[in-house]
Amino acid sequence: MRTLTHDEARTRAQEHIDRAVAALPVQPALTLQRDDALECGDPKDRGPRGRYEVGKTYWLDELPGGRNAEIVDALVEHWTSHDFRVLADHRDAADRFVSVQHSGDAFRMSVTQSIEGDLSLGASSPCIWLDGGSDD
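Read on for an overview of the structure.

Definitions and limits used
- Residues numbered from 1 in each chain as written.
- Predicted model: local features only at pLDDT ≥ 70, side-chain atom pairs only at ≥ 80, totals over all residues.
- Heavy atoms only, no water.
- Helix = DSSP H or I, 4+ residues; strand = E, 2+ residues; numbered from the N terminus.
- Buried < 20%, exposed > 50% of the residue type's maximum accessible area, 1.4 Å probe, protein only.
- Phe/Tyr/Trp six-rings, centres within 6.5 Å; stacked < 30°, edge-to-face > 60°.
- Expected span 1.5 Å × (residues − 1).
- Contact = heavy atoms within 4.5 Å.
- Core = buried A, V, L, I, M, F, W, Y, C linked by side-chain atoms within 4.5 Å.

Attention shifts here to the environment of A106. Structurally, A106 is set in the loop between β4 (97-102) and β5 (108-113). Judged by relative accessible area, which is 28%, A106 ranks as partly exposed. When the C-alpha positions of A106 and F84 are compared, they lie 8.9 Å apart, and in sequence the two are 22 residues distant.

What follows is the structure, given as structure tokens:
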């Protein structure tokens, strides 16, 4: 079966991020934190090695102070109403973290609160061949 290419996976990750940000009650400034491809060293899907997980992560900047819980709740609401299932939900922890996976394309997304109280939002692909080759 053919996988997404590197460029297709980057585009899809950005689309997931854009849709999530559009669902927020306030619009943050996005500051790119990570845009890379990491080799799937121990593929969760038990597939062949040599494939990559493509991901993008942004800091959600210029958010009003004290609204992190509301922002994270809005993300979870968006995800659960758009075919994502929750993998981890630590909204009550001092270091908030929620991770989800899309039922259709297996992309994962997460929101994380840093020790300083800053939020980051990321999306990553399942393991793919960078050229879109086949797993056969």
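The subject of this paragraph is the packing of aromatic side chains. Ring pairs (aromatic) are described by centroid distance and by the angle formed between their planes. In total, this model carries 1 aromatic pair according to the counting rule given. Residues W79 and F84 carry aromatic rings whose centres are separated by 6.4 Å and whose planes lie at 50 degrees to one another, so their mutual orientation is tilted. Residue classification places W79 among the buried residues on the basis of a relative accessible area of 0%.

For helix α2 (residues 68-80), with 13 residues, the first-to-last C-alpha span of 18 Å sits near the 18 Å given by 1.5 Å per residue. Listed as buried for α2 are N68, I71, V72, A74, L75, V76, H78 and W79. Among the structural elements, α1 (6-22), β2 (52-61), β3 (84-90), β4, β5 and β6 (119-124) are those in contact with the buried residues of α2.

So, about the nonpolar core. Ranked by size, the top nonpolar core spans 28 residues in total, and within it I71, L75, W79, M109, V111 and L121 carry the most contacts. At the level of elements, α1, β2, α2, β4, β5 and β6 are the ones that each hand at least two residues to this core. Per-element accounting of this core gives the leading share, 6 residues, to α2. Leave out the neighbours within four places in its chain, and M109 touches H16, I17, A20, W79, F84, V98, S99, V100, L121, G122 and A123.

Before going further, it helps to spend a moment on the environment of F107. Residue position: F107 is located in the loop between β4 and β5. Here F107 falls in the buried class, since its relative accessible area comes to 0%. When the C-alpha positions of F107 and G50 are compared, they lie 18 Å apart, and in sequence the two are 57 residues distant.

This part takes up unusual backbone geometry. One can expect most non-glycine residues to show negative phi and most peptide bonds to be in trans. One non-glycine residue, D83, adopts positive backbone phi at about 70 degrees. Its location among the elements puts D83 in the loop between α2 and β3. The exposure class assigned to D83 is partly exposed, which follows from its relative accessible area of 43%. Phi is positive for A106, close to 65 degrees, though the residue is something other than glycine.

Purely geometric numbers; function is a separate question.
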